[in-house]
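Chain and residue survey
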Amino acid sequence: MHRLLIAIILCLLAGCASIHTSHIETLSGEAMGMTWTVKFVRTRASPDLHELQNGIQQQLDAVDSQMSTWKTDSDLSRFNNADAGSWQTLPPELFGVLEKSLALARDTQGAYDPTVGPLVNLWGFGPGPKNRITPDADNLAAARRRVGWQKIELNSATKSARQPGGVWLDLSSIAPGFAIDQISRHLQGAGIENFLVEHGGELRAHGHRAGNKAWRVGIEQPDSDDTIAMIIVLNNQASGSSGDYRKFYELDGKRYSHHIDPRTGAPVTHALASVTVIADDCITADSNAAALSILGPDEGYAYASAQGIAALFLVRTDAGFKQIMTAEFETLLHSSSE
């Protein structure tokens, strides 16, 4: 998913003029159909920039080669096209991401489901034809029969998964978060302790920016390109966001979001415009934000509160956007302002 919901606004915030920008290095590139940016505090011990750039790109390309639904030769595509009943050995990274996604599917009772791929494709949001028609009942029923996280069997000892036949995994709501965590591990392995990583709108911060100041980022207001709804501080934390206003289409006066509810087989119809989750790592923040975007403002808030998830919901109302936050998010917000 392209969820460019968090704008990095380091140099737009009040007081930013005091930052010694010469101490901040910025690297950027493209991967997985999205842009990435790394900002870090440079020290005398920092590695060569070209070497670091290549290392970051290699981490992202490795995730893409394993988990892309757009690359026909990826490990994920190999599984999706495997014969019914066959066991497919997966790279450890892909196996771990799939394992985590299935656990979240279980916890959300199928609201989040990595096997939702046939429905995503049917509604025109996958790598296949960009359909702009409402699926007929027969095609919808056929796609729904291929969906169900319980269909996937895993073998932890061999790092393999069984293709039951017709299952088409889509990990686009969790793989970008994992990729950011991989970059973070790479940076720390290279001796960099103060950095902010952004990829497709997901973020992970570690340490501080120049001047020993916390990394501050802004949550974008839905339906806007330059309005900030809220500023948050990330203290060795990650944030993931999911919204309905970047990827949708309108047909016969009706808006169709790319958020497909596996339980109904159709795009969600609730009023949630975006949700942001703060967590210790980005794979958790990214996937939880995706799950809450399906659950919606009411069911999602109840689930997030019960699970202790720090989440901010921006909900459309006739009077504008309403902010709803869990107690955990509110605690983080208040602690960062002290």
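Refer to the structure above for everything that follows.
Presented here is a report on the structure given in the accompanying data block. (Residues numbered from 1 in each chain as written. Predicted model: local features only at pLDDT ≥ 70, side-chain atom pairs only at ≥ 80, totals over all residues. Heavy atoms only, no water.)

**Some points on the pattern of salt bridges**
- In the structure shown here, the tally under the stated rule is eight salt bridges.
- Across the pair Glu25 and Arg42 runs a salt bridge, and its minimum N-O distance is 3.7 Å. Of this pair, Glu25 sits in strand β2 (residues 24–31) while Arg42 sits in the loop between β3 (34–41) and α1 (49–67), and the two are 17 residues apart along the sequence.
- For Arg42, a relative accessible area of 32% gives the class partly exposed. (Salt bridge = Lys/Arg side-chain N within 4 Å of Asp/Glu carboxyl O. Helix = DSSP H or I, 4+ residues; strand = E, 2+ residues; numbered from the N terminus. Buried < 20%, exposed > 50% of the residue type's maximum accessible area, 1.4 Å probe, protein only.)

**Some remarks on helix α7 (residues 282–307)**
- With 26 residues, α7 ought to run about 38 Å at 1.5 Å a step, yet its terminal C-alpha atoms sit only 17 Å apart, falling short of that.
- Gly296 marks where α7 bends most, by close to 130°; the proline Pro297 follows one to four residues later.
- Counting buried positions along α7 gives 19 out of 26 residues, so the element sits mostly inside the fold.
- Gly308 sits one or two positions beyond α7 and adopts a positive phi of about 70°. (Expected span 1.5 Å × (residues − 1). Bend = angle between axes of the 7 residues up to and from the residue.)

**So, the nonpolar core**
- Counting 59 residues, the largest nonpolar core has Ile56, Leu187 and Leu292 as its most contacted members.
- Ranked by residues supplied to this core, first place goes to α7 with eleven residues.
- If sequence neighbours within four positions are ignored, Leu292 has contacts with Leu272, Val275, Val277, Gly300, Tyr303, Ala304, Ile309, Ala311 and Phe313.
- Grouped together as the second largest cluster of nonpolar side chains are 19 residues, Ile219, Ala229, Ala310 and Phe329 included. (Core = buried A, V, L, I, M, F, W, Y, C linked by side-chain atoms within 4.5 Å. Contact = heavy atoms within 4.5 Å.)

**Considering the side chain of Ser287**
- Tracing the backbone through its elements, the reader meets Ser287 in helix α7.
- A distance of 2.7 Å separates a polar side-chain atom of Ser287 from the backbone oxygen of Ile283.
- With residues near it in sequence (within four places) discarded, Ser287 still touches Leu104, Tyr112, Ser173 and Ile174. (Polar contact = N/O pair within 3.5 Å; in protein donor to acceptor, adjacent residues only side chain to side chain.)

**Concerning the pairing of strand β6 (residues 160–163)**
- Pairing of strand β4 (residues 86–89) with β6, which is carried by four bridges, proceeds in the antiparallel orientation. Each bridged residue has a counterpart across the sheet, and for Gln88 the counterpart in β6 is Ala161.
- Two strands pair when backbone bridges link them, and strand β5 (residues 153–155) and β6 are joined in this way by three bridges, in the antiparallel orientation. Residue pairing for β6: Asn155 is matched across the bridge by Ser160.
- In textbook terms, the turn of a hairpin is the stretch between consecutive antiparallel strands, and for β5 and β6 this stretch comprises four residues, one of which, Lys159, has a positive phi near 50°. (Pairing = 2+ DSSP bridges.)

**With respect to the packing of α1 against helix α6 (residues 175–189)**
- Here α1 crosses α6 at 150°, and the two axes come no closer than 10 Å. What the angle tells us is that α1 and α6 run roughly antiparallel. Both α1 and α6 take part in a crossing whose hand is right-handed. On α6, the residues touching Leu52, Gly55, Ile56, Gln59, Leu60, Val63 and Met67 of α1 are Ala175, Phe178, Ala179, Gln182, Ile183, His186 and Leu187.
- A breakdown of the residues in the contact of α1 with α6 according to their chemical character gives ten nonpolar, four polar and no charged. (Axes fitted to C-alpha atoms, helices over the stretch in contact; angles between N-to-C directions. Parallel < 35°, antiparallel > 145°, perpendicular 65-115°, else oblique. Left-handed = near helix turned anticlockwise from the far one by under 90°. Nonpolar A, V, L, I, M, F, W, Y, C, P; charged D, E, K, R; others polar.)

**Here we look at the sheet that holds β2**
- Spatial ordering of the open sheet is given by β2-β3-β7-β8-β11-β16-β17-β18, a layout of eight strands whose pairing is antiparallel. Of all strands in the sheet, those with a lone pairing partner are β2 and β18 (320–325), marking the two edges. The sheet shows a mean angle of 15° between the axes of neighbouring strands, taken without regard to direction.
- On top of the sheet, α6 reaches β3, β7 (195–199) and β8 (202–206); it is set at about 150° to β7, its chief contact.

**A closer look at unusual backbone geometry**
- One non-glycine residue, Met32, lies in the positive phi region at around 60°.
- On the secondary structure map, Met32 appears in the loop between β2 and β3.
- In this model, Lys159 sits at a positive phi of 50°, which is unusual for a non-glycine residue.
- Of note, Lys159 is situated in the loop between β5 and β6.

**Here's the deal with the environment of Glu99**
- Looking at the element boundaries, Glu99 is found in helix α3 (residues 92–107).
- On the basis of relative accessible area, Glu99 is assigned to the partly exposed category, the value being 36%.
- For the pair Glu99 and Ala161, spaced 62 residues apart in sequence, the C-alpha to C-alpha distance is 9.7 Å.

**Considering α1**
- When the terminal C-alpha atoms of α1 are compared, their 27 Å separation across 19 residues agrees well with the 27 Å that a helix rising 1.5 Å per residue should span.
- Buried within α1 we find Leu52, Gly55, Ile56, Gln57, Leu60, Val63, Asp64, Gln66 and Met67.
- Contacts from the buried residues of α1 go to β2, β3, α2 (75–80), α3, α6 and β7.
- At the N-terminal end of α1, a side-chain oxygen is found 3.0 Å from the backbone nitrogen of His50, two or three residues along, and the residue is Asp48.

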